[in-house]
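Structural description and commentary
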Amino acid sequence: MKADQILRAGLDTLVARGVKRDQPDGERSMPRIVRVFEAITGIRLSEREGWLFMVCLKLVRMQSGKPDADHYLDAANYIALMGEAALSVVNEQLT
């Protein structure tokens, strides 16, 4: 798979999961995930840190077993979602 194919397939996956989960802005469950994590552990994470955790998960999985395109597609999407979360905080601070 070429790099542009990974990115395109990742985008297709991101869009498809948003449609499947029927959210107006696509699949955006990380804010709820970090709130549940905090309730269970007492450890507070930002949305960006939640996505960073998921990137780490995929990096570890990339090192285990044979290569799986899913790990790379998900990692690309998690990086994009992490960027979205980080940049939305910056934009909120500017307004």
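Residues numbered from 1 in each chain as written. Predicted model: local features only at pLDDT ≥ 70, side-chain atom pairs only at ≥ 80, totals over all residues. Heavy atoms only, no water.

**With respect to the pattern of salt bridges**
Opposite charge on two side chains makes pairing possible when the charged atoms of those side chains draw close. Basically, it comes down to this: Salt bridge, as applied in this entry: a Lys or Arg side-chain nitrogen positioned within 4 Å of an Asp or Glu carboxyl oxygen. Secondary structure follows DSSP: runs of H or I at least 4 residues long count as helices, runs of E at least 2 residues long count as strands, and numbering of each begins at the N terminus. Type-normalised accessible area, obtained with a 1.4 Å probe on protein chains alone, sets the label of each residue: buried when under 20%, exposed when over 50%, and partly exposed for intermediate values.
Scanning all chains against the criterion turns up five salt bridges. The salt bridge partner of Arg8 is Asp4, with a shortest N-O separation of 2.7 Å. Highlighted residues: Arg8 and Asp4, both in helix α1 (residues 3–21), separated by four residues, approximately one helical turn. On the accessibility criterion, Arg8 (52% relative accessible area) is exposed. One salt bridge in this structure joins Asp70 and Lys58, with 3.3 Å as the shortest N-O distance. Placement of Asp70 in helix α4 (residues 69–94) and of Lys58 in helix α3 (residues 47–62) is noted, with a sequence separation of twelve residues between them. Under the relative-accessibility criterion, Asp70 is labelled partly exposed at 30%. Assessed through its relative accessible area of 3%, Lys58 is described here as buried. Connected through shared salt-bridge partners, Arg17, Lys58, Asp70 and Asp74 make up one network.

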